[in-house]
Amino acid sequence: MLQIDHLTTAAAKVTLDDVSFLFEAGKIYTILGRTGAGKTELLRALMGLNPLTVGTIKLDEEDITERPIRARNMSLVYQQFINYPHLSVLDNVAFPLRRQGKDKVEAQALAGQMLTTVGLGEFLQRRPAQLSGGQQQRVALARAMVKQSRILMLDEPLANLDYKLREQLREEFPRLVADNVESVILYTTTEPREAMELGNTMIVMHGGRVIASGAPADLFAHPPTKDTASVISDPPISFISGFVRNNSLYFSEGHLAPSIGLLLPADGPVTIALRPDAIEPDGAFNAQIGLSEFSGSQTIIHLDFDFGRAIMMVDGIEAFAAGNDINVSIRSEHIMLFAPDGGNITLRNNQNG
Amino acid sequence: MNKFYHTLKTIFLLGWSIFVVFPFLWALSTSFKDANAITSGATYIPWVDFEPSTQGWTSLFTTGSQGINIIGPFIDSAAVTLIASLVSLILGTLAAYGLSRFEYRLGFVKNSDITFFFISQRIMPPIVLAIPFFLMLKELGALDTIFGLVLVYIALLLPIAVWVMTDFFSGIPKELDEMAMTDGCSPIGAFFRVVLPNSLPGLVVAGMFCLIFGWNDFFFAFTLTFTETQLLPVSIVSLNSSVTPWWSLSAFALISVAPLACVAVIVERYMSRGTMSGAIR
């Protein structure tokens, strides 16, 4: 069990601001946030690479805040594929075991087993530079896992891989770390899909703070704040500054928004959030097409309404010419409402939002 | 068009090679001449243009009026250069690692200022340094000694080592040290086990520069020695009397160049940064 309390850092481009959390062993925690949200800073602070101004780190009730880096029982896989260039793949993975005091034969045997697990059994004597990017990152992963450390941290490990390799490693990742049942696994990413797919628990960071945490599906369905909704939505969620008047929801003056099934708050300003799947072709709302992007099996269309901008996503590759007008419908069951302070105030007739 | 450029390139490189190699060939040819061959006009090819003589070479290993024994100066030069280069390389590497990895702040003085301070030692004209060096060695009783020259050469070579190694360490990602520490190394362990083995090309370049500057220095070797200690460059000059023995001078020049040429050939393959590829992508 890893407990962090009020972690705060200073004197860096990104700072941590009072981060507290309790991590349990055997679980994968995905830390989601945009660039500069403080994800890497959190891992580096845990590792002891960045100094804390305030806060404590406890591993199984033992305070390790002041422990030297090498004695923290943690492993870190960097976003860049960092390996020891002067050592063979086998010696790279055996390196931490040798530092633990294991003899060369035992260390190499364990390293060989781990490399076989990650699919590099036939490249033991190669240098890291002689491997592809994906293979180099597997070496880094094998080196981090072979130590069986209590905390395994992966800092956007797939970010520098090409699409295919990313998909492949993402699929394999749960299997690769399955043996680390004693470890807390922290996995940072900027991609909501990756965070939701890999994490037992998802932690959302923004501006150096943890702004939300919970089961990925719950967080996606009911983001507690506007910032959380923004971070976990891909393609991006659209926010329109509207208002409620006389129990009706308006995008802007004269533009009534659909609100069937929504329990509207008292009169006043609200932020109306539209996920891309809340908008569909054909309907009563007229918009101009700003941009049309093909994204694999889907098409993302940027729409300019009279009351603001929003993004629509349709299945398949559809041709939408920029500049043309289009009529769309907006599904009220996919609308979310946020108060001016950013809190989620979506209430539906049959459930709480 | 390509053929034209290829021909042009070949001609240029051929011309440049002749320009570079000719002085050595000339020195080699001259080292086998005697006084008659020297004074009878420009001649180049032994047995054809002149009768070869080994007088130039034998005079370097005899003492007295017939020549000068260069074995002593050669050993002195080698000792001073090797010891000073080694110490400079060790101290310079440690200093450079510190400068590239840690932030120092002493009032307004920062890392870049400290690095510049080291380099500034080489910017000053040697004559400015000669008098203080002379006085300091006199106080230490180290004038005209190998020890004194080693001290001075360390002061002269250290900036070169710091400069080259700081630049080299800056190219090695800090994450490599961090990773070594997360893998169980102490900071000093990370340096010796990971950073240093990956710094071989930088060490070779810095070592080469130290050897070249140390071996070729004449000015300090001349001003800080008298009779007890004599380095190779000073010995060469002392050959020059009322009659310049060009044959001995040429042989001497070739001998003094030989060690550096051998070192350059041996370490040439290390003088690239190739080994860092793959450390980080």
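A quick note: this is a predicted structure, and the numbers were derived from the prediction, not measured. (Residues numbered from 1 in each chain as written. Chains lettered and ligands numbered in written order. Predicted model: local features only at pLDDT ≥ 70, side-chain atom pairs only at ≥ 80, totals over all residues.)

1. Some remarks on the packing of helix α4 (residues 71-101) of chain B against helix α10 (residues 200-216) of chain B
Residue and element names in this part refer to chain B.
Logical step 1: Remark: α4 packs on α10, axes separated minimally by 9 Å, with the N-to-C direction vectors making an angle of 140°. Where α4 crosses over α10, the handedness of that crossing is right-handed. Where α4 abuts α10, its residues S77, V80, T81, A84, S85, S88, L89, G92 and T93 lie against L203, A206, G207, C210, L211, G214 and W215. (Axes fitted to C-alpha atoms, helices over the stretch in contact; angles between N-to-C directions. Helix = DSSP H or I, 4+ residues; strand = E, 2+ residues; numbered from the N terminus. Left-handed = near helix turned anticlockwise from the far one by under 90°. Contact = placed C-beta atoms within 7 Å.)

2. Quick word on the sheet that holds strand β5 (residues 62-63) of chain A
Residue and element names in this part refer to chain A.
Logical step 1: In spatial order, the strands read β2-β1-β4-β5; together these four strands make up an open sheet with antiparallel pairing. Among the strands making up the open sheet, the edge pair consists of β2 (19-23) and β5.
Logical step 2: Sheet strands in contact with helix α1 (residues 39-47) are β1 (2-9), β2 and β4 (52-59), and its direction is about 110° off that of β1. (Pairing = 2+ DSSP bridges.)

3. A short note on α1(A)
Residues three or four positions apart in an α-helix share a direction because the helix packs 3.6 residues into each turn.
All names here are of chain A.
Logical step 1: Counting buried positions along α1 gives nine out of nine residues, so the element sits mostly inside the fold.
Logical step 2: Listed as buried for α1 are K39, T40, E41, L42, L43, R44, A45, L46 and M47.
Logical step 3: In the stretch just after α1, G48 is the one whose phi turns positive, near 90°. (Buried ≥ 20, exposed ≤ 12 C-beta atoms within 10 Å, placed from the backbone.)

4. With respect to the interface of chain A and chain B
Logical step 1: On the side of chain B, 21 residues touch chain A, which itself brings 25 residues to the contact.
Logical step 2: For the side of chain A that touches chain B, the secondary-structure elements that each account for two or more residues are β6 (74-77), α2 (89-99) and α4 (133-146) of chain A.
Logical step 3: Residues of the side of chain A that touches chain B, tallied by class, amount to 14 nonpolar, eight polar and three charged. (Nonpolar A, V, L, I, M, F, W, Y, C, P; charged D, E, K, R; others polar.)

5. A word on unusual backbone geometry
Residue and element names in this part refer to chain A.
Logical step 1: In this chain, D234 is followed by P235 through a cis amide linkage whose omega measures 5°.
Logical step 2: One can find P235 in the loop between α8 (226-232) and β11 (238-245).
Logical step 3: Located in the positive-phi region is Q148, a residue other than glycine, with phi close to 55°.
Logical step 4: With respect to the helices, strands and loops of the structure, Q148 is situated in the loop between α4 and β7 (151-155).
Logical step 5: The backbone of E156 shows a phi angle near 45°, a positive value even though the residue is not glycine.
Logical step 6: Take E156: it is sitting in the loop between β7 and α5 (163-176).

6. Looking at the environment of A:P223
All names here are of chain A.
Logical step 1: Here P223 lies in the loop between α7 (216-221) and α8.
Logical step 2: Take P223: there are 26 C-beta atoms within 10 Å of it, and that puts it in the buried class.
Logical step 3: Spatially, the C-alpha atom of P223 lies 7.0 Å from that of N344, the residues being 121 residues apart in sequence.
Logical step 4: When near neighbours in sequence (up to four residues on either side) are disregarded, P223 contacts A212, T228, A229, I232 and N344.

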